[in-house]
Amino acid sequence: MLRTVKPKNARSKRAMDAREPKEIEDPRTAIFVRGTHTGEVVTSVMKDLMALKRPNAISFSKKNVVRPFEDAASLDFWAQKNDASMFIVGQSTKKRPDGMVFARCYDGRVLDMCEVGVEKGGYKGLESFKTPKSTPGHKPMLHFASELFTTHPRFIQLKSILMDFFNGEVIDHICLPGLEHVISITLGPAPATLSGTEPTEDDTKSLPLVHIRAYTVRLLNSGTRVPRVELTEMGPSLDLRLRRTQAADAELWKQAMRRPKLKKTDVEKGLGKRKKNLEVDDMGDLRGRVHVGKQDLGRLQTRKMKGLKAGFDEDEDVHMSDGEGGDEEPSSRKKPRRAE
Amino acid sequence: MDVSNILASHAAKFQSVTVEKDTPLDVDTGFLTVTDSNPIDEDSYNDNLEEYLQSTARDGVQSLFTSLFSLPTVASADGPLAKLPPPTTQLPRCKPLPKPKPQTKWERFASAKGIQHKVRDKRVWDEEKQDWVNRWGKDGKNKEKEEQWISEVPHNADLNFDPVKKARDERKGRVAKNEKQRLGNVARAAPRERDVRKKEIDTTLATTRISTASMGKFDKKLEGEKKLRGIKRKFEPAESNETQASLAILSGLDGETRRTRKESGKEGDDVLNVRKAIHKASGGRGGIALGRAASGGRGGGGKRGGRGGKR
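For clarity, every value in this text was computed on a predicted model and none was experimentally measured.

Caption draft 1: Representation of the overall build of chain B. A tally of regular secondary structure across chain B gives 12 helices and six strands. Within chain B, buried positions represent 17% of all 311 residues. Contacts in chain B between residues far apart in sequence, at least 24 positions, make up 30% of those at least 6 positions apart. Surface accessibility of chain B: about 26,100 Å² in total, with carbon and sulfur atoms responsible for 54%.

Next up, the structure:
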């Protein structure tokens, strides 16, 4: 645990306030860590990924003795110290050659991890493609292709981590000409064993390869408002295989998935739980419809008159029978009305 | 008139922007992400991998662009800005949600009375100077009375009445009052010690109540004792691999040698930082030089020839 310090001047106070939790969060900062031995391939893969992730990337250039799956204490410490919440740890061993661990943090603690290995000959760097590159700092588009990204837990996690890595910032506007490149993540054909209902764990060899490609986008005139898209490969090109994983702790995951309470204006726009019979008209006024039960006209209060009083009929009956003599008809007709 | 020829030539000139797939693509415009959940076509995947990947990516990006260009736009200097809807994919947060700030006494009153917050400009218009001046601070408007070269004195004023001092005292008084109110708000926002202690006791009590094997099921109940909520006993699954579970525990325990090494290492670290001590004792020349100085006692000679070593 880092010591909690009180800021001594306004500048450090601003810096500390910037690290406070926010309702709408900044993009995740990623730290690229080298393990005890990285190897040429992983070093250049990490360099290329960093080029895509810039400016939200920090490079640790020295070697570190770190094994995230055995002890993630160092990652926790670095996350707090650097205000970062994502790690890419590169390590190449005899048992797991050319490996990279993607780790994601919540509240300065490791949330979940996913290890991938670069396949032999499955890497072509950013430099080896002699094509125009995207501007650093521009937001990439993401493309995932495979049915496993919606069905298999390992690939759901991978998709979530990669989305967080490349594109995890919530923005309200995007400049359309600024969309320059797309990162495509495609899986190999799913083997028949995975199509079944229960996913088989521990057997990473049967999982399909993950192909990561980056393309720049060219927009051509199509004669309509929507342009036709053409892609040019930009690099890097990676073929990865999934290895170990560590799923998030259920309790921590639940905390991490908490959403801020929706503002009143957002609810009126129709976000969140739909409220019935509310709508905003063209003038921006909130209009609602209210259901008032069925009206009982029998109880309607009309003009108050002596003649309409409840007990008035009887007096009249008596009076009438006195005057005209023995005609029972009107009083019997009136009785049911009084009972109403 | 037959226009099919013209239409065909027009169609040839512009390639189509529509994407047709068995399963419609899932586009999350908020995150600029498109997910294609159609199964991979094995033949074309094996035939030419790169071409297949590029064509699927193109189709996906095309449909993403279709939905992006249908969004409402705002003009800007760099080009049209599309207004993005909130993302549909849920990603975990990096930090917990910010805690709501405790309301000040005034804010509480204002919300109860429905008083709207008004933003007060930092600068005010000065009629005499015909310029905007600070409301407070450097050359502030609130110091106007203290700094004017002449001031009015009431008729019944004291002999040593100082209008400048009076204005200044009033201003300082307002500052002091504000500070007092601020401290009051801080004190009100802090949790009372009594509440903190009560909470502590409650948690301790709750822990003790579920610390029996039955998690408090057969304990004596006191009168007025509240029922604890959310307590569930967890059981091992009926068909578990016992050997594997035991092995997992064993592997978690360190071996005897490793544990002793760790402990001794830790102890050494706490008591004395050896590296630092050597550095200090040798004056930054290292342990070898220190050892040489202690045994040989060459003194100045050692210092002179320290770098060169044996020739």
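What follows picks up the thread again.
Caption draft 2: Broad picture of the pattern of salt bridges. Enumeration according to the criterion identifies 29 salt bridges over all chains in this entry. Here Asp36 of chain B makes a salt bridge to Lys21 of chain B, at a shortest N to O gap of 3.3 Å. Of this pair, Asp36 of chain B sits in strand 2 (residues 33-36) while Lys21 of chain B is found in the loop between helix 1 (4-13) and strand 1 (26-28), placing the two residues 15 residues apart along the sequence. Residue classification places Asp36 of chain B among the buried positions, given a relative accessible area of 2%. Classification of Lys21 of chain B as partly exposed rests on a relative accessible area of 28%. A cluster of three or more residues bridged by salt bridges with shared partners is formed by Arg28, Arg104, Asp112 and Asp164 of chain A.

Caption draft 3: Broad picture of the sheet that holds strand 4 (residues 81-83) of chain B. The antiparallel open sheet is built from three strands, whose spatial order is 7(A)-4(B)-3(B). Of all the strands in the sheet, just strand 7 (173-175) of chain A together with strand 3 (73-74) of chain B have a single pairing partner and so form its edges. By the bridge criterion, three bridges tie strand 7 of chain A to strand 4 of chain B in an arrangement that is antiparallel. Each residue of the ladder has a partner; that of His173 of chain A, found in strand 4 of chain B, is Lys83 of chain B.

Caption draft 4: Seen up close, the side chain of Lys143 of chain B. All names here are of chain B. If you trace the backbone, Lys143 turns up in the loop between strand 6 (131-134) and helix 5 (144-147). The buried charged residue Lys143 lacks any salt bridge, with Glu147 as its nearest oppositely charged partner at 5.9 Å. In contact with Lys143, not counting residues within four places along its chain, are Gly137 and Arg171.

Caption draft 5: Structural view of the pairing of strand 5 (residues 109-124) of chain A. Residues and elements named next belong to chain A. Relative to strand 5, strand 4 (residues 99-106) runs antiparallel, the two being bridged by eight bridges. The residue bridging Ala103 from the neighbouring strand is Met113, located in strand 5. The antiparallel pairing of strand 4 with strand 5 creates a hairpin that spans two residues between the two strands, and Asp107 there sits at a positive phi of about 55°. Relative to strand 11 (residues 237-246), strand 5 runs antiparallel, the two being bridged by seven bridges. Bridge pairing links Val118 to Leu240 in strand 11.

Caption draft 6: Focus on the packing of helix 2 (residues 39-53) of chain A against helix 5 (residues 153-167) of chain A. Residue and element names in this part refer to chain A. Look at helix 2 against helix 5: their axes get within 9 Å of each other, and the N-to-C directions meet at 60°. As the angle between them shows, helix 2 and helix 5 are arranged oblique. Side by side, helix 2 and helix 5 meet where Leu49, Leu52 and Lys53 of the first sit next to Asp164, Phe165 and Phe166 of the second.

Caption draft 7: Looking closely at the nonpolar core. Core analysis: the largest hydrophobic core is formed by 42 residues, its most contacted members being Phe32, Met100, Phe102, Phe155, Leu158, Phe165 and Ile185 of chain A. Contact partners of Met100 of chain A, with chain neighbours within four places excluded, come to Val42, Val45, Met46, Leu49, Ile88, Val89, Gly90, Cys114, Glu115, Val116, Val118 and Leu240 of chain A.

Caption draft 8: Structural detail: the interface of chain B and chain A. With 53 residues of chain B at the contact, the number on the chain A side is 72 residues. Carbon and sulfur atoms supply 64% of the area that chain B and chain A bury against each other, a total of about 5,800 Å² over both sides. On the chain B side of the interface with chain A, the three residues burying the most area are Phe69, Arg93 and Cys94 of chain B, jointly 13% of the side's total. If you look at where chain B meets chain A, you find three salt bridges. Notably, a salt bridge pairs Lys95 of chain B with Asp83 of chain A, separated by 2.8 Å at the nearest N-O pair. Put simply, chain B and chain A have 31 residue pairs in polar contact (both at pLDDT 80 or more) between them. If you tally residues by element for the side of chain B that touches chain A, the top one is helix 3 (residues 49-69) of chain B, at 15 residues.

Caption draft 9: Just unusual backbone geometry, in detail. Between Arg54 of chain A and the following residue, Pro55 of chain A, the backbone shows a cis peptide bond with an omega angle of 5°. In this structure, Pro236 of chain A follows Gly235 of chain A across a cis peptide bond, with omega equal to 0°. Despite not being glycine, Asp83 of chain A shows a phi value in the positive range, around 55°. Inspection of the secondary structure assignment puts Asp83 of chain A in the loop between helix 3 (73-82) and strand 3 (86-91). With relative accessibility at 26%, the residue Asp83 of chain A sits in the partly exposed group. In this model, Leu32 of chain B sits at a positive phi of 55°, which is unusual for a non-glycine residue. Among the secondary structure elements, Leu32 of chain B is positioned in the loop between strand 1 and strand 2. On the basis of relative accessibility, which here comes to 0%, the residue Leu32 of chain B falls in the buried class.

Caption draft 10: Fine view of a negative patch on the surface. Residues and elements named next belong to chain B. On the surface, Asp41, Glu42, Asp43 and Asp47 cluster together into a patch of negative charge. Structurally, Glu42 can be placed in helix 2 (residues 42-47). For Glu42, a relative accessible area of 46% gives the class partly exposed.

Caption draft 11: Broad picture of a nonpolar patch on the surface. All names here are of chain B. Taken together, the side chains of Val271, Leu272, Val274, Ile278 and Leu290 make up a nonpolar region of the molecular surface, amounting to roughly 440 Å² of accessible area. With respect to the helices, strands and loops of the structure, Leu290 is situated in helix 11 (residues 287-296). On the basis of relative accessibility, which here comes to 32%, the residue Leu290 falls in the partly exposed class.

Caption draft 12: Examining the side chain of Thr38 of chain A more closely. Residues and elements named next belong to chain A. Structurally, the position occupied by Thr38 is in the loop between strand 1 (30-34) and helix 2. Of the residues examined, Thr38 reaches a relative accessible area of 5% and is grouped as buried. Ignoring any residue separated from it by four or fewer positions in sequence, one finds Thr38 in contact with Thr43, Met46, Gly90 and Ser92.

Rules used throughout
- Residues numbered from 1 in each chain as written.
- Chains lettered and ligands numbered in written order.
- Predicted model: local features only at pLDDT ≥ 70, side-chain atom pairs only at ≥ 80, totals over all residues.
- Heavy atoms only, no water.
- Helix = DSSP H or I, 4+ residues; strand = E, 2+ residues; numbered from the N terminus.
- Buried < 20%, exposed > 50% of the residue type's maximum accessible area, 1.4 Å probe, protein only.
- Contact = heavy atoms within 4.5 Å.
- Areas by Shrake-Rupley, 256 points an atom, 1.4 Å probe, with all protein chains shown as cover.
- Salt bridge = Lys/Arg side-chain N within 4 Å of Asp/Glu carboxyl O.
- Pairing = 2+ DSSP bridges.
- Lys, Arg positive; Asp, Glu negative; His and termini not counted.
- Axes fitted to C-alpha atoms, helices over the stretch in contact; angles between N-to-C directions.
- Parallel < 35°, antiparallel > 145°, perpendicular 65-115°, else oblique.
- Core = buried A, V, L, I, M, F, W, Y, C linked by side-chain atoms within 4.5 Å.
- Buried area = accessible area lost by both parts, 1.4 Å probe.
- Polar contact = N/O pair within 3.5 Å; in protein donor to acceptor, adjacent residues only side chain to side chain.
- Patch = residues over 30% accessible without salt bridge, like charges linked within 9 Å, V, L, I, M, F, W, Y side chains within 5 Å.
- Charge placed at Lys NZ, Arg CZ, Asp CG, Glu CD.

Read these as spatial facts, not as claims about activity.
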